[in-house]
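# Results of the structural survey
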There are 2 protein chains.
Amino acid sequence: ILKDLVRWIPIASVVGMMAGTASATLLASLTWATNIRESHRWLILLLAPAGWAVGLLYKLFGKSVEGGNNLILEEVHDPRTTIPARMTPLILLGTFISHLFGASVGREGTAIQTGASLADQLSGPLRLTSPERRILLMAGISAGFGSVFGTPMAGAVFGIEVLAIGKLSYDAIAPCFLAAFVGDLVTRFWARFVPGVAHTHYVVGDVPAMTVQGIVLAAIAGVAFGLAAMAFSRLTHFISHTARRFISRPEFRPIAGGLVVTAAVFALGSTRYIGLGVPIIVDAFHNKLPPYDFAGKLIFTAASIGTGFKGGEVTPLFYIGATLGNALSRLLPLPAGLLAGMGFAAVFAGAANTPISSTLLAVELFGGEAGAYAAIACVVSYLFSGHTGIYGSQRVGRSKF
Amino acid sequence: ILKDLVRWIPIASVVGMMAGTASATLLASLTWATNIRESHRWLILLLAPAGWAVGLLYKLFGKSVEGGNNLILEEVHDPRTTIPARMTPLILLGTFISHLFGASVGREGTAIQTGASLADQLSGPLRLTSPERRILLMAGISAGFGSVFGTPMAGAVFGIEVLAIGKLSYDAIAPCFLAAFVGDLVTRFWARFVPGVAHTHYVVGDVPAMTVQGIVLAAIAGVAFGLAAMAFSRLTHFISHTARRFISRPEFRPIAGGLVVTAAVFALGSTRYIGLGVPIIVDAFHNKLPPYDFAGKLIFTAASIGTGFKGGEVTPLFYIGATLGNALSRLLPLPAGLLAGMGFAAVFAGAANTPISSTLLAVELFGGEAGAYAAIACVVSYLFSGHTGIYGSQRVGRSKF
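### Notes on the overall build of chain A
Along the backbone of chain A there are 16 helices and three strands. Relative to a compact globule of 401 residues, whose C-alpha radius of gyration would be 21 Å, chain A shows 20 Å and is just as compact. Taken along the three principal axes of its C-alpha coordinates, chain A extends 55 × 50 × 45 Å. In chain A, buried positions account for 63% of the 401 residues. Relative to all contacts within chain A whose residues are 6 or more apart in sequence, the contacts with residues 24 or more apart total 80%. Accessible area for chain A stands at about 14000 Å²; split by element, carbon and sulfur atoms hold 65% of it. For chain A, the distance from the average site of its 28 positive side-chain charges to the average site of its 19 negative ones is 7 Å.

### Digging into the relation of the copies chain B and chain A
Between chain B and chain A, the superposition needs a rotation of 180° and an axial shift of 0.0 Å, giving an RMSD of 0.0 Å. Here the transformation between the copies is reduced to the relation of a two-fold axis. Measuring from the rotation axis to each C-alpha of chain B, the shortest distance belongs to L168 of chain B, at 2.6 Å. In this assembly the copies share their binding face: 100% of the residues contributing to the interface of chain B also contribute to that of chain A.

### What to know about the nonpolar core
If you look at the biggest cluster of nonpolar residues, it comprises 290 residues, and the most contacted ones within it are M342 of chain A together with M342 of chain B. Residues in contact with M342 of chain B, not counting those within four places in the same chain, are A218, A221, F225, L334, Y373, A374 and A377 of chain B.

### Some words on the domain arrangement of chain A
Residues and elements named next belong to chain A. Taken domain by domain, chain A consists of domain 1 (2–191) and domain 2 (212–396). Between the C-alpha centres of domain 1 and domain 2 the distance comes to 20 Å. Residue-level contacts link 51 residues of domain 1 with 51 residues of domain 2. Each partner contributes to the roughly 4200 Å² buried at the junction of domain 1 and domain 2, and carbon and sulfur atoms together form 65% of this total. Among the residues domain 1 hides against domain 2, the three largest losses belong to S104, E161 and I165. Together they make up 17% of the total. The closest approach of N and O atoms between K59 and E251, which form a salt bridge, is 3.1 Å. Counting across the domain 1 and domain 2 interface gives 29 residue pairs in polar contact (both at pLDDT 80 or more). Elements with a contribution of two residues or more to the side of domain 1 that touches domain 2: helix 1 (2–39), helix 2 (47–61), helix 3 (69–77), helix 4 (87–100), helix 5 (108–120), helix 6 (130–149), helix 7 (152–161) and strand 1 (164–165). If you tally residues by element for the side of domain 1 that touches domain 2, the top one is helix 2, at nine residues.

### Focus: the side chain of S147 of chain A
With respect to the helices, strands and loops of the structure, S147 of chain A is situated in helix 6. With residues near it in sequence (within four places) discarded, S147 of chain A still touches A19, G20, S23, G183, D184, T187 and H199 of chain A.

### Some details on the environment of S104 of chain A
Residues and elements named next belong to chain A. Looking at the secondary structure, you find S104 in the loop between helix 4 and helix 5. Note on S104: relative accessible area 0%, which makes it buried. Remark: the alpha-carbon pair of S104 and V223, spanning 119 residues in sequence, is separated by 25 Å. Look past the residues within four positions of S104 in its chain and what remains in contact with it is Y273, I274, G275, K297, F300, T301, S304, I305 and P316. In terms of polar contacts, S104 uses its side chain to reach the side chain of T301, at 2.7 Å.

### Structural notes on the packing of helix 9 (residues 212–246) of chain B against helix 13 (residues 314–328) of chain B
All names here are of chain B. Look at helix 9 against helix 13: their axes get within 10 Å of each other, and the N-to-C directions meet at 140°. Here helix 9 lies oblique to helix 13, going by the angle between them. For the element pair helix 9 and helix 13, the recorded crossing hand is right-handed. Of the residues in helix 13, those touching helix 9 at A221, A224, F225, A228 and F232 are L317, I320, G321, L324, G325 and L328. Partitioning the contact of helix 9 with helix 13 into residue classes produces nine nonpolar, two polar and no charged.

### A few points about helix 4 of chain A
Residues and elements named next belong to chain A. Helix length check: helix 4 (14 residues) gives 20 Å between terminal C-alpha atoms against 20 Å at 1.5 Å per residue, within 8%. Counting buried positions over the 14 residues of helix 4 gives 12, a clear majority of the element. Buried-residue contacts for helix 4 involve helix 1, helix 2, helix 3 and helix 5. Phi turns positive one or two residues past the end of helix 4, at G102, with a value near 95°.

### Describing unusual backbone geometry
Phi at N353 of chain A is positive, roughly 60°, even though this residue is not glycine. With respect to the helices and strands, N353 of chain A occurs in the loop between helix 14 (336–352) and helix 15 (355–366). The phi dihedral of R127 of chain B falls on the positive side, at around 50°, and the residue is not glycine. Residue placement: R127 of chain B occurs in the loop between helix 5 (108–120) and helix 6 (130–149). On the accessibility criterion, R127 of chain B (75% relative accessible area) is exposed.

### As for a nonpolar patch on the surface
Residues W42, L45, L46 and F266 of chain A make up a contiguous nonpolar surface patch of roughly 440 Å² in combined accessible area. By the secondary structure assignment, L45 of chain A is in the loop between helix 1 and helix 2.

### Quick look at the interface of chain B and chain A
Contacts between the two partners involve 39 residues from chain B and, on the opposite side, 39 residues from chain A. Where chain B abuts chain A, roughly 3500 Å² becomes buried across the two surfaces, and 82% of that area is made up of carbon and sulfur atoms. Here chain B is connected to chain A by two salt bridges. A salt bridge links D171 of chain B to R398 of chain A; the nearest nitrogen and oxygen atoms lie 2.9 Å apart. Of all the secondary-structure elements, those providing two or more residues to the side of chain B that touches chain A are helix 1 (2–39), helix 7 (152–161), strand 2 (167–169), helix 8 (173–191), helix 9, helix 15 (355–366) and helix 16 (368–384) of chain B. With nine residues, the top contributor of residues to the side of chain B that touches chain A is helix 16 of chain B. Considering only residue class, the side of chain B that touches chain A consists of 28 nonpolar, six polar and five charged. In terms of strand pairing, strand 2 (residues 167–169) of chain A meets strand 2 of chain B through three bridges, oriented antiparallel. When the sheet's bridge partners are listed, L168 of chain A is paired in strand 2 of chain B with L168 of chain B.

### Things to note about the side chain of T359 of chain A
Residue position: T359 of chain A is located in helix 15. Not counting chain neighbours up to four residues away, the residues in contact with T359 of chain A comprise G371, A375 and C378 of chain A together with M153 of chain B.

So, how was this worked out
Residues numbered from 1 in each chain as written. Chains lettered and ligands numbered in written order. Predicted model: local features only at pLDDT ≥ 70, side-chain atom pairs only at ≥ 80, totals over all residues. Heavy atoms only, no water. Helix = DSSP H or I, 4+ residues; strand = E, 2+ residues; numbered from the N terminus. Rg over C-alpha atoms; globule rule 2.2 N^0.38 Å. Buried < 20%, exposed > 50% of the residue type's maximum accessible area, 1.4 Å probe, protein only. Contact = heavy atoms within 4.5 Å. Areas by Shrake-Rupley, 256 points an atom, 1.4 Å probe, with all protein chains shown as cover. Lys, Arg positive; Asp, Glu negative; His and termini not counted. Charge placed at Lys NZ, Arg CZ, Asp CG, Glu CD. Least-squares fit on C-alpha atoms with pLDDT ≥ 70 in both. Core = buried A, V, L, I, M, F, W, Y, C linked by side-chain atoms within 4.5 Å. Domains from an automatic or database assignment. Buried area = accessible area lost by both parts, 1.4 Å probe. Salt bridge = Lys/Arg side-chain N within 4 Å of Asp/Glu carboxyl O. Polar contact = N/O pair within 3.5 Å; in protein donor to acceptor, adjacent residues only side chain to side chain. Axes fitted to C-alpha atoms, helices over the stretch in contact; angles between N-to-C directions. Parallel < 35°, antiparallel > 145°, perpendicular 65-115°, else oblique. Left-handed = near helix turned anticlockwise from the far one by under 90°. Nonpolar A, V, L, I, M, F, W, Y, C, P; charged D, E, K, R; others polar. Expected span 1.5 Å × (residues − 1). Patch = residues over 30% accessible without salt bridge, like charges linked within 9 Å, V, L, I, M, F, W, Y side chains within 5 Å. Pairing = 2+ DSSP bridges.

Written out as structure tokens, the structure reads:
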């Protein structure tokens, strides 16, 4: 064990440093992209050609890495070949372009891909065996996730929980924890010097003491969150399959998505469903929002991700969950802020099939009392979201029912 | 899924109600036993005959349930026959006697055994299949653990995490969560009416922001906690094996343990290592304690449990961890309260091989910031505690290294 540890401590630390630096780069670039877009709204008119550019970028340089998160999960399940280093610049650039022109995408996909692909560059020089490479990739996932959201406990467990639905094994637990904690620290370190890197702080407000009614309400909300997660996963897969079927050239697919999103923005006269949507997420904790916001974000995101824009699903899932929770506060006698926090974690739990890391995420972002409500919502959402998650290469370790 | 849920919601709720009521009974009886013992210190002189009474009780009425926690784990792994209902009164009485006369034992074993054996009484009338009975028992474990410590998230995950080292599956996740949350509520409900049921509130105090140094210090402390956990498990097993080898009649074994503990109390002129030790645990968060307290408690508990006193290991493990953390504050530049909280969770994590539920326990009892330090300590402790935990029937799902 000591030999193993002496080996993994520096490796996981380096993985964390690389992932944390990549996440800081990503966060700064997205703040920049978002600020430019907000002050030049006409950029959204160029979303379709921007999508074409992203598609072309991957066609010309990124054939080997277009699998994205699924490529990483497949390499963990069945290690074959080192993930090309080019995954990192390509996904950072693709995500930047997607956000600059107003696609509705997230950032965890990017953080996971940079974390894992940078980590994997160590596997050759260090002559790691296949089982060791698996651990390395899981540590990269943990470090990417933990650093981009500022939630190292959730990131650490996410790296071991996301591989398979319904079970979890602890082979990589120590490297994942170390890489996630180091990654988070490194991103927070950069936040002191680089503008736009800081994490958003969410405030849940008063949390009522847990009661039988509280359990029942959290479970009912959890059903709604799980169904929203399932709707999102299925719609995204449907759009993706349809686009593949009717548009044979991959670089043209984001053009279709871009046109739809641009048209929808002008038809609605609103930009509230594009980009990361962090201001709306924050709003969902404090103010009454239109009850259909979650559906708007769900459709915009499925159209963006399903046609090939880059960035990931998780921040949009936070948005869908927080606004759905906000909407549920019209029906359920729980505070809107608490329901927003529960939805934030639980729609993600259902879509990624990661109830335990989602619970830890809720605890880290919202505290232990809100975390207890979120835990119930996460488990119920996980049960009701079906076996089709956002990560197609996730395996079914154990059926949910 | 709906049919399954409609079936499990009432079952898990009833499991929670029974376990929560049993935990309340246990907590009230232990407060009573502890108060009597503290005001009649001479009772410790009767620990050896009390041990004989406990042994005789199990010899006469409890042959079928003397396996205790291990019997429950074995039934989950390999369901054969319903756990006899008599497990509940026997373990409650055995634990009461153990505490009244000053054995160094805990209460989680009792809570798990009452939770699981009461739950199992439903399996006959409801005609549950073997796979369903496994879920029922896991829900009983979760409800017992969650209710006795007032930590439903930790209890819920404990029920699925304790079965095997190194992996975890989600079959029973919903019944375990529901039973644990209901169990906790029911115990808290009784606490309003019955004196002595309330949970202890621990205050960690200031937690420094996480730094690289913080990670390193938490990991170093985690090594110490893991080695203490391993020492405890091995010493307990050694004493148990030795007692079995040299004392053929089981009811005589606790006499030996009782004599040793009584003699040690008088030799030391101190009762600080007997019983639950909650006042010392609380003290460890606030004051400088003798650095050998953890070793004293470790030996007293191994002597008590290893010879057959009843109650369980976990509260003594909290004591060992909190006092060891307190002692480490002489060496490591972290606040004593934080180190006490980390040890509280992490020695338990190492001894029970349950790093994730221990992390949740820390978050629930001490908050998210201290929980982050505890998480690192729990994972490292888990890695360093070896493959021999306190539960002999726990299986090795995945080797630690």
